[in-house]
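Analysis of the macromolecular model
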Amino acid sequence: MATRVRFSRKQLKQPDQFLSTSDKILHFIEDYSRLVLVGIGGLAVLILAVWAYQSSVQAKELEGEALLFEIQTIKDGAKNKKWSEIVPQMEKKIAELDEGPQKQRARFMVADSYFQSGRLDESLAAYSEIIERESPGSLAHGLSKLGLAKNLHGQKKYGEAVAQYRYLLENNTSLPLLYVYLDLARCYEENSDVKNALLVLREAETKFPQHIELSKVVENIKRLQAQA
């Protein structure tokens, strides 16, 4: 036989809990409807602002990459034109870039172009500017240090060039270091310091026993040993 549940008169007069909660929510919305609408509107404006900012940043990045491509294209065309014509064209394009990583990459292209065209003083100044702007350990800083070393090397400032090459080897840069060793050895050799050139090459041989270009190191060691 089913059990009948009896409710007291007091229990029947109590409001239903679900209806009570719903009423409270409705009353809250009615009382604070203006505040709620303002909050929703503010959130919508914030979302639109974030979206607009991201779109603007992406557009700037794409524009910057397009300019970098134009600068690289101008640089690649140097074999058919004089560097004195090429560099001003590159500089004009760089002026259109905003400050940031893309402009730094473009500055490096120009510094390299100065070096290749034999304008070593301008190349030195350009590399030095990038080094000052970039944090140590960054790829741009390392590449500019290498460019500076090659520049000093090209000017036969061997002591200063050696210091820059040594910096790259001692600070664990992300550059392919075997080639830095080869450059340093050649710098010593050109400065008539065969002993240190051999020491550098033997160190490279020990550090990079499996390198694909190890044969260059071995060949240079044999050549210098024959001179010693």
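Residues take numbers from 1 onward in each chain, read along the sequence in its written order. Restriction of local features to residues with pLDDT of at least 70 applies here, the model being predicted, together with a cutoff of 80 or more for giving and counting side-chain atom pairs; totals for whole chains, interfaces and linings are based on all residues. The side-chain values count all of the structure's non-hydrogen atoms but skip hydrogen atoms and water molecules.

Before going further, it helps to spend a moment on the confidence of the model for the protein. You can read pLDDT as the predictor saying how much it trusts each residue, on a scale of 0 to 100. When pLDDT is averaged along the protein, the result is 77; 67% of the residues meet or exceed 70. Secondary structure counts use DSSP, requiring at least four H or I residues in a row for a helix and at least two E residues in a row for a strand, with both numbered from the N terminus. Looking over the protein, one finds the lowest element-wise mean pLDDT in helix α1 (residues 9-13), namely 49, and the highest in helix α9 (residues 177-190), namely 95.

Moving on to helix α7 (residues 139-154). To estimate the expected span of a helix, count its residues, drop one, and scale the result by 1.5 Å. Between its first and last C-alpha atoms α7 spans 22 Å; for 16 residues at 1.5 Å apiece the expected length is 22 Å, and the two agree. Taken as a whole, α7 has its buried residues at H141, G142, S144, K145, L146, G147, L148, A149, N151, L152 and H153. Among the structural elements, α5 (101-116), α6 (120-133), α8 (158-170) and α9 are those in contact with the buried residues of α7. Looking one or two residues past α7, K156 carries a phi angle of roughly 65°, positive in sign. Exposed residues in this analysis have more than 50% of their type's maximum accessible area, buried residues have under 20%, and partly exposed residues fall in between, with area computed by a 1.4 Å probe over protein chains only. Here, two residues are considered to be in contact whenever any of their heavy atoms come within 4.5 Å of each other.

Buried Ala, Val, Leu, Ile, Met, Phe, Trp, Tyr and Cys residues form a nonpolar core when they are joined through side-chain atoms within 4.5 Å. Counting residues in each nonpolar core, the largest one holds 45 residues, and the members touching the most others are I71, M90, Y165, V180, L184, L201 and V217. When residues of this core are assigned to their parent elements, the largest contribution, nine residues, is made by α9. Apart from residues lying up to four places away in sequence, L201 is in contact with L182, A185, V217, N220, I221 and L224.

Following both chains from N to C, one finds α8 and α9 inclined at 160°, their axes separated by 10 Å at the closest point. Judged by the angle between their axes, α8 and α9 are roughly antiparallel. Remark: the crossing between α8 and α9 carries left-handed chirality. On the side of α8, the interface is formed by Y158, A161, V162, Y165, R166, L168 and L169, while α9 contributes L177, V180, Y181, D183, L184, C187, Y188 and E190. Three residue categories are used. Nonpolar comprises Ala, Val, Leu, Ile, Met, Phe, Trp, Tyr, Cys and Pro, charged comprises Asp, Glu, Lys and Arg, and polar comprises the others, including Gly. When the residues that make up the contact of α8 with α9 are grouped by side-chain class, the tally is 12 nonpolar, no polar and three charged. Interaxial angles span 0 to 180 degrees and are taken between N-to-C directions of axes, which are lines fitted to C-alpha atoms, for helices over the stretch in contact. Geometric relationships in this document are graded by angle, where less than 35 degrees denotes roughly parallel, more than 145 denotes roughly antiparallel, 65 to 115 denotes roughly perpendicular, and other angles denote oblique. By convention, the crossing between two helices is left-handed when the near helix turns anticlockwise from the far helix through less than a right angle, and right-handed when the turn is clockwise.

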